[in-house]
Amino acid sequence: MTDTPISPPVGRLDHVKAFIGDLARPFAIYATSGAAAIGIVRVAWVVENGNDGAIYLGAVAVLVGGIYGFKSWEQIKTGKQGAEVEIAKAKSEAD
């Protein structure tokens, strides 16, 4: 049902918490990206010269790029930790 591991026995509230937790981060990323896209279109209508628009686009690119960059870094770090755990399990089983 969710990516969050839940140890049995659990109640309905624990399943709801895990479900909301699994949706919160992707929703925040999509909401930030959508708000940036709307802001870009709005600024395009309002600015009077190219410098203002370029500054705004640079700020948006740093914000959205940083969010996706940190998410990628988190996934790489989590993957390495998972691999280390599996290696440790395999070594312990071999002994």
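Structure first, text after, so check above.
Given the structure is predicted, the values throughout are model-derived calculations rather than measurements.

Colleague: Give me the overall build of the chain: which residues, what numbers.
Modeller: Scanning the chain for helices and strands turns up 2 helices and 0 strands. The proportion of buried residues among the 95 residues of the chain is 7%. For the chain, contacts bridging at least 24 residues in sequence account for 39% of all contacts bridging at least 6.

Colleague: Pulling in residues and values, what's your account of helix α1 (residues 12-46)?
Modeller: Relative to the 51 Å expected for 35 residues at 1.5 Å per residue, α1 spans 49 Å between its end C-alpha atoms, a close match to the ideal helical length. Those residues of α1 lying buried are Ala18, Ile29, Ala36 and Gly39. Looking at the packing, one finds that the buried side of α1 touches α2 (50-94).

Colleague: Would you mind going over the pattern of salt bridges in detail, with residue names and values included?
Modeller: Applying the stated criterion across every chain yields a total of 2 salt bridges. Ionic pairing is found between Glu74 and Lys71, a salt bridge with its closest N-O pair at 3.6 Å. Pair noted here: Glu74 and Lys71 are both in helix α2, with a separation of 3 residues, about one helical turn. Given the relative accessible area of 27%, Glu74 is considered partly exposed. Residue Lys71 is classed as partly exposed on the basis of its relative accessible area, which comes to 24%. A salt bridge links Lys89 to Glu86; the nearest nitrogen and oxygen atoms lie 3.9 Å apart. Taken as a pair, Lys89 and Glu86 lie in helix α2 at a separation of 3 residues, close to a single helical turn.

Colleague: Which residues make up α2, and what values do they have?
Modeller: The end-to-end C-alpha separation of α2 is 65 Å, in line with the 66 Å expected for 45 residues at 1.5 Å each. Every buried residue of α2 is listed here: Gly53, Val60 and Val64. Taken together, the buried residues of α2 touch α1.

Colleague: Requested: an account of the packing of α1 against α2, with residues and values cited.
Modeller: Helix packing for two helices is described by the angle between their axes and how far apart those axes are. At a minimum axis separation of 10 Å, α1 and α2 run at an interaxial angle of 165 degrees. Here α1 lies roughly antiparallel to α2, going by the angle between them. Relative to α2, α1 is oriented so that their crossing is left-handed. Contact residues: α1 offers Arg25, Ile29, Tyr30, Thr32, Ser33, Ala36, Gly39, Ile40 and Val43, while α2 offers Gly53, Tyr56, Leu57, Val60, Leu63, Val64, Ile67, Tyr68, Lys71 and Glu74. Grouping the constituent residues of the contact of α1 with α2 by class yields 12 nonpolar, 4 polar and 3 charged.

Colleague: A description of a nonpolar patch on the surface should follow, citing residues and the corresponding values.
Modeller: Residues Leu13, Val16, Phe19, Ile20 and Leu23 make up a contiguous nonpolar surface patch of about 480 Å² in total accessible area. Tracing the sequence through the fold places Leu23 in helix α1.

Rules and cut-offs
In this convention, every chain numbers its residues from 1, walking through the sequence in written order. Under the rules for a predicted model, residues below a pLDDT of 70 receive no local features and side-chain atom pairs below 80 are neither given nor counted, while totals for whole chains, interfaces and linings still include all residues. With hydrogens and water stripped out, all remaining heavy atoms of the structure feed into the side-chain values. Under the scheme used here, helices are H or I runs from DSSP no shorter than 4 residues and strands are E runs no shorter than 2 residues, and both carry numbers assigned from the N terminus. Exposure classes here rest on a 1.4 Å probe applied to the protein chains alone. A residue is buried below 20% of its type maximum, exposed above 50%, and partly exposed in between. Contact between two residues is taken to exist if any of their heavy atoms lie within 4.5 Å; hydrogens are not considered. In this scheme, a helix's expected span is set at 1.5 Å multiplied by one less than its residue total. Note on definitions: salt bridges are taken to be side-chain nitrogens of Lys or Arg within 4 Å of carboxyl oxygens of Asp or Glu. Helix axes are fitted to C-alpha atoms over the stretch in contact, other axes to C-alpha atoms as well, and angles between N-to-C directions run from 0 to 180 degrees. The cut-offs work like this: below 35 degrees is roughly parallel, past 145 is roughly antiparallel, 65 to 115 is roughly perpendicular, and the gaps in between are oblique. Two helices cross in a left-handed way if the nearer one is turned anticlockwise from the farther one by less than a right angle. They cross in a right-handed way if the turn is clockwise. Think of it as three bins: nonpolar holds Ala, Val, Leu, Ile, Met, Phe, Trp, Tyr, Cys and Pro, charged holds Asp, Glu, Lys and Arg, and polar takes everything else, Gly as well. The patch calculation keeps residues exceeding 30% relative accessible area without a salt bridge and links them within 9 Å when they carry like charges or within 5 Å when they are nonpolar (Val, Leu, Ile, Met, Phe, Trp, Tyr). Method for areas: the Shrake-Rupley scheme with a 1.4 Å probe, in which residue coverage is limited to the protein chains shown.

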